[in-house]
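Structural overview for review
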Amino acid sequence: MADSKAWRGAAVALGGALALALTHAWAGGYHARAYHTPRNAYGAPDLGGVWTNDSLTRLQRPDGVTALVVSGPDVADARRRLRAVYEASNDGVGGRESEWWDAAALGQVDGQLRTSWIVEPADGKLPYTPQGQALADAHIKAQTTAFDGPEARNPAERCLLPSWGAIGPPILNAPYNANYEIVQTGDQLAILSENNSTVRTIRIGAHAAHLPPEIRPWTGDSVGRWAGETLVVETTNFRADDASRPGPFYPGLQTKVVERFTRISPTALKYEFTVEDPTVFARPWRAEMPFTRVKATLYEFACHEGNYSMTGILGGARAVERAQAAATPTK
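Our subject in this report is the structure included herewith. (Residues numbered from 1 in each chain as written. Predicted model: local features only at pLDDT ≥ 70, side-chain atom pairs only at ≥ 80, totals over all residues. Heavy atoms only, no water.)

Things to note about the packing of aromatic side chains
Scanning the entire structure with this criterion turns up seven aromatic pairs. When the ring of Tyr 271 is compared with that of Phe 291, the centres are 5.7 Å apart and the planes differ by 90°; the resulting orientation is edge-to-face. Note that Tyr 271 is positioned in strand 12 (residues 268–276) and Phe 291 in strand 13 (residues 285–293), a separation of 20 residues in sequence. Given the relative accessible area of 0%, Tyr 271 is considered buried. Over the ring of Trp 218 we find Arg 239, and its NZ or CZ is 3.9 Å from the ring centre. One Lys or Arg, Arg 293, reaches over the ring of Trp 51 and ends 5.5 Å from the middle of that ring. (Phe/Tyr/Trp six-rings, centres within 6.5 Å; stacked < 30°, edge-to-face > 60°. Helix = DSSP H or I, 4+ residues; strand = E, 2+ residues; numbered from the N terminus. Buried < 20%, exposed > 50% of the residue type's maximum accessible area, 1.4 Å probe, protein only. Lys NZ or Arg CZ within 6 Å of the ring centre and 35° of its normal.)

If you want it as structure tokens, here you go:
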């Protein structure tokens, strides 16, 4: 009997050691087998194709939601609060989920349902300085007070940029037309946004340098480099005039955005970005967002052809001015 117990004890010990060894071997093999992005014709990781960042999750976490990651019954509450934030600022035609939204579900990053793309700071809010908050407030106020001419309106209304910050940088997600096509060459990467059919070009390579500071494109100036499987992109030279961005992210003249594009599976791309500007933000902030590969065709947005709203906005403002002038007593 004693020999039998000793044998069983030795077997258990051996089994534990074997299991531990197999665990370490599996872990090592797993890391060794981490996804390796296919290479394109230029030998670089292939990010090409059509992708979507369609999601109900937005850049900032809605009030009343404290957790970055939700599960179970908390998912429905987070979704309700996210919908309420969007609908509160979109009361007109086209501003309701039933009309033309695509987004319906929370976004998933690393298998977790996220309530905001911002992961740092922990509250999921943009960490504005007083100066930065004043800048953002001025942008927002201009949308209800600046009607002197088209130059005072935001670039999405003028068909110059996508709405919702959809082309970035950083790239944010619109609730409709949230599709992108990426095309690469040896020293450039182009991102076409279906929202407003806008192309953003990133120069890649050791010799790529930023433009002079006096040249400030609508989407800033983007320079990239490969760090293993990841494309790291630094963008500077942002515009900071009142009508330069459709929101909700308003850069300053010193803003720097660093993006990281990493393909983590045949159908998934992880997008990360860090933003810093000591005059606008009290600290650098960081966000993560998923892109999913889709079998889709991007369609022309035709913003200019259908841009009757600009005439209506400015014509309406002139009508208000005439009515106010008519109602003002003459001296």
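Next comes the rest of the description.
As for the nonpolar core
If you look at soluble globular proteins, the nonpolar side chains tend to sit buried side by side. Within the largest apolar cluster, 39 residues are counted, with the highest numbers of intra-cluster contacts made by Ile 191, Phe 261 and Trp 285. Those residues in contact with Phe 261, other than ones at most four positions away along the chain, are Leu 47, Ile 171, Ile 191, Glu 229, Thr 230, Leu 231, Val 233, Leu 269, Lys 270 and Tyr 271. Of all hydrophobic cores here, the second largest spans six residues; its members include Leu 56, Val 65, Ala 78 and Leu 82. (Core = buried A, V, L, I, M, F, W, Y, C linked by side-chain atoms within 4.5 Å. Contact = heavy atoms within 4.5 Å.)

Quick word on helix 4 (residues 130–145)
Taking 1.5 Å per residue as the helical rise, helix 4 with its 16 residues ought to reach 22 Å, and the 22 Å between its terminal C-alpha atoms agrees with that figure. By the burial criterion, the buried members of helix 4 are Gly 132, Leu 135, Ala 136, His 139 and Ala 142. Buried residues of helix 4, viewed axially, fall in a sector of 115°; they line one side. Within helix 4, the exposed residues directed more than 90 degrees away from the buried face are Pro 130, Ile 140, Lys 141 and Thr 144. (Expected span 1.5 Å × (residues − 1). Arc of directions from axis to C-beta.)

Concerning the state of the cysteines
With the rule as written, the count across this model stands at one disulfide. In this model Cys 159 forms its disulfide with Cys 303; the gap between the sulfur atoms is 2.0 Å. For the disulfide bridge between Cys 159 and Cys 303, the dihedral angle about the S-S bond is near -70°, and by the sign convention the bridge is left-handed. Highlighted residues: Cys 159 in the loop between helix 4 and strand 6 (179–184) and Cys 303 in the loop between strand 13 and helix 5 (308–327), separated in sequence by 144 residues. For Cys 303, a relative accessible area of 15% corresponds to the buried category. (Disulfide = S-S within 2.5 Å.)

Focus: the pattern of salt bridges
Under the definition given, this model contains 15 salt bridges. The salt bridge involving Arg 80 is made with Asp 77; its shortest N-O contact spans 2.7 Å. Pair noted here: Arg 80 and Asp 77 are both in helix 2 (residues 74–88), with a separation of three residues, about one helical turn. Two residues, Arg 318 and Glu 321, come together in a salt bridge whose shortest N-O distance is 2.8 Å. Remark: Glu 321 and Arg 318 occur in helix 5; sequence separation between them is three residues, near one turn of the helix. One network of salt bridges, with partners in common, ties together Asp 110, Arg 114, Glu 120, Lys 270, Arg 283, Arg 286 and Glu 288. (Salt bridge = Lys/Arg side-chain N within 4 Å of Asp/Glu carboxyl O.)

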